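Fold and contact review
Here's the letter readout for the chains.
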There are 2 protein chains.
Amino acid sequence: MLIDRLIEKIRELHSPIVVGLDPRLEQIPAAFKEPYYQTDGKTPATAAKIILTWGKEIIDQVCDLVPAVKPQIAMYEQFGAPGIDCYIQTVGYAKSKGLVVIGDIKRGDIASTAAAYSDGHLGKVEVDGETHPGFDADFITVNPYMGYDSIQPYIDNCKRYEKGIFALVKTSNPNSFQIQDIIAPDGRPVHRHVGELVSKWGEELIGKSGFSSVGAVVGATHPQEAEVLREQMPHTFFLVPGYGAQGAAAKDLRGVFNKDGIGGIINSSRGITGAYALERYKKDYDQAAFAKAARAAVLDMRADLEAVL
Amino acid sequence: MLIDRLIEKIRELHSPIVVGLDPRLEQIPAAFKEPYYQTDGKTPATAAKIILTWGKEIIDQVCDLVPAVKPQIAMYEQFGAPGIDCYIQTVGYAKSKGLVVIGDIKRGDIASTAAAYSDGHLGKVEVDGETHPGFDADFITVNPYMGYDSIQPYIDNCKRYEKGIFALVKTSNPNSFQIQDIIAPDGRPVHRHVGELVSKWGEELIGKSGFSSVGAVVGATHPQEAEVLREQMPHTFFLVPGYGAQGAAAKDLRGVFNKDGIGGIINSSRGITGAYALERYKKDYDQAAFAKAARAAVLDMRADLEAVL
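Residues numbered from 1 in each chain as written. Chains lettered and ligands numbered in written order. Predicted model: local features only at pLDDT ≥ 70, side-chain atom pairs only at ≥ 80, totals over all residues. Heavy atoms only, no water.

Turning next to the side chain of glutamine 180 of chain B. With respect to the helices, strands and loops of the structure, glutamine 180 of chain B is situated in helix α8 (residues 177–180). Polar side-chain contacts of glutamine 180 of chain B include one of 2.9 Å to the backbone oxygen of tyrosine 145 of chain A. Leave out the neighbours within four places in its chain, and glutamine 180 of chain B touches Tyr145 and Met146 of chain A together with Val169, Lys170, Thr171, Pro189, Val190 and His191 of chain B. (Helix = DSSP H or I, 4+ residues; strand = E, 2+ residues; numbered from the N terminus. Polar contact = N/O pair within 3.5 Å; in protein donor to acceptor, adjacent residues only side chain to side chain. Contact = heavy atoms within 4.5 Å.)

Put into structure tokens, the structure is as follows:
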């Protein structure tokens with residue numbers, strides 16, 4: 001079961017950390033981009049080349065420290081076809097370095113459409129009887145607003161290809177309360193009901209670790225909700241955004257983990273890949289050393305998290 | 001305001017119909033695909049070529065009858081970079097034929113990520129100071145589960161580039177009740193609360209028609225809910241899936257429209273593009289005439305809807 005492999009890697013590396021790859025051009029050092037612009041001009045295709053090489057340099061520096069990376073497809077998709085090609089290559093490169101890849105795609109649609117997303121992102125793509133590799137992420141994130149039939153095609157491919165998903169339950173952003181915290185008649189907010197559904201959807205994919213390959217996205221910016229959900233969903237592994245740039249600190253993560261210190265993987269994107277520009281790292285790393293600064297930031301994050309594990 | 005243009009076209013053509021472009025290879029006639037396979041093999045790139053030409057043939061046959069088409073990006077995206085390129089070309093071709101294009105992408109993510117989707121799909125893409133065209137759909141569908149800050153970047157581009165969005169409120173699929181129908185303390189289900197939010201988000205984008213360029217997705221498979229939402233959201237235009245292949249009939253659509261017969265645009269995908277294979281059209285159209293059969297199905301749908309307008 002994929003979730004067992006992820007948890008094993010977390011244990012081996014003492015590192016419940018996923019490095020978010022959210023390539024924003026304005027956060028990539030100018031000196032790194034300039035040679036590409038000079039040769040190929042400031043086009044979307046050039047941007048795709050830049051973020052591919054950028055991602056590889058980050059991956060090279062963190063692949064022995066963390067179990068997983070999480071490329072955010074929006075940052076690639078905006079550059080059109082070359083961007084998608086770059087996303088697929090980034091997924092492949094990360095896997096070739098032994099990393100588990102969580103494709104942050106947050107898709108959600110009716111069953112027949114979800115099947116196309118599921119085959120494209122997790123499974124294989126069929127062209128009238130001939131099968132071809134898809135994007136081949138290990139996990140993807142999905143949006144559960146439409147209910148089980150919109151999720152089932154992903155679960156089918158999780159079983160078939162040993163993959164996993166993380167469904168949004170309680171997201172890290174400021175306005176997540178608007179829908180996710182509406183109180184149901186039993187006094188529990190919508191996100192706990194969603195959590196209950198997600199637990200149920202994952203029942204057939206529970207591995208030796210006791211956790212399911214159907215996980216939940218639970219924001220670190222809501223520590224109390226996370227604690228309640230951890231108790232409610234003992235077999236559901238959490239993908240936790242919100243640490244670092246979005247404002248949550250290590251102390252906010254206590255509730256994510258069970259008494260064995262297992263239960264979630266914490267994402268940091270800008271806090272790691274943009275570390276070179278932070279006061280803390282600036283003095284030791286110049287712009288050209290952005291990937292080395294990312295490595296230093298991962299080591300610091302690991303130390304920071306140790307306090308709550 | 002974009003919504004005014006859409007409503008004007010609906011009135012001109014007496015046709016509140018959007019043709020859904022959901023290219024599934026198994027629903028495209030074998031004789032149409034075979035020449036491509038023989039030349040280029042059964043690859044994702046070939047599939048992309050096929051669905052591009054297929055879409056153009058459909059568009060040619062329906063562009064004088066309907067105001068809009070709705071390409072479903074999942075069907076393109078699964079074929080990787082060539083698929084995305086084909087999606088962008090399909091959007092462009094439909095616009096060149098005077099159609100309003102609703103990109104069915106159902107994206108939803110935190111603000112900084114939503115900005116990348118918004119620039120890519122509705123706005124312009126910036127590469128360090130140089131701007132490039134994005135995918136340039138007119139409307140896109142979005143998922144509201146994360147709340148306002150996840151939607152605002154789309155609204156910003158709606159204002160800036162005269163675009164629009166349709167946010168999921170009550171979806172057409174069987175399990176939509178699981179989250180969308182949870183009852184809140186005031187006795188109203190979650191989807192009505194979402195409807196209220198969507199109305200509010202659209203307040204600044206209400207055009208001369210009295211409707212906003214921020215619309216709602218409301219499934220025809222839930223006629224009672226649609227009627228209640230129509231009353232609750234008088235300024236919100238509905239994108240209505242579920243007619244035809246998903247099971248809803250014209251009588252289920254009454255509640256979608258206000259007393260002037262305005263209020264929504266009804267999607268049909270397989271019922272139109274797959275008409276050639278239906279008993280009703282088989283005798284008059286062979287496989288090679290699939291696009292002409294689609295045209296006939298649009299005319300029949302228009303007649304069918306007249307009864308409730």
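Next comes the rest of the description.
Below, the discussion takes up the relation of the copies chain A and chain B. Each copy superposes on the other: chain A lies on chain B with an RMSD of 0.0 Å after a rotation of 180° and an axial shift of 0.0 Å. The transformation relating the two chain copies, once decomposed into turn and shift, fits a two-fold axis. In terms of proximity to the rotation axis, the leading residue of chain A is alanine 81 of chain A, whose C-alpha is 2.1 Å off the axis. With an isologous cut-off of 70% or more, the 100% of interface residues of chain A that recur at the interface of chain B puts this contact in the isologous class. (Least-squares fit on C-alpha atoms with pLDDT ≥ 70 in both.)

A few words on the side chain of asparagine 173 of chain A. Along the chain, asparagine 173 of chain A falls in the loop between β7 (164–170) and α8 (177–180). The buried category is assigned to asparagine 173 of chain A, whose relative accessible area is 2%. In contact with asparagine 173 of chain A, other than residues within four places in its own chain, are His222 and Gln246 of chain A together with Ile110, Met146 and Asp149 of chain B. (Buried < 20%, exposed > 50% of the residue type's maximum accessible area, 1.4 Å probe, protein only.)

Assignment of secondary structure puts leucine 197 of chain B in helix α9 (residues 190–201). Of the residues examined, leucine 197 of chain B reaches a relative accessible area of 15% and is grouped as buried.

With that settled, consider the interface of chain A and chain B. Contact with chain A, which involves 71 residues of that partner, is made by 71 residues of chain B. Both faces combined, the contact of chain A with chain B buries some 5,700 Å², and carbon together with sulfur accounts for 59% of it. On the chain A side of the interface with chain B, the three residues burying the most area are Lys42, Asp128 and Tyr145 of chain A, jointly 14% of the side's total. The interface formed by chain A and chain B contains six salt bridges. A salt bridge links aspartate 128 of chain A to lysine 33 of chain B; the nearest nitrogen and oxygen atoms lie 2.9 Å apart. Summed over the shared surface of chain A and chain B, the number is 33 residue pairs in polar contact (both at pLDDT 80 or more). Classifying every residue of the side of chain A that touches chain B by side-chain character gives 34 nonpolar, 22 polar and 15 charged. (Buried area = accessible area lost by both parts, 1.4 Å probe. Salt bridge = Lys/Arg side-chain N within 4 Å of Asp/Glu carboxyl O. Nonpolar A, V, L, I, M, F, W, Y, C, P; charged D, E, K, R; others polar.)

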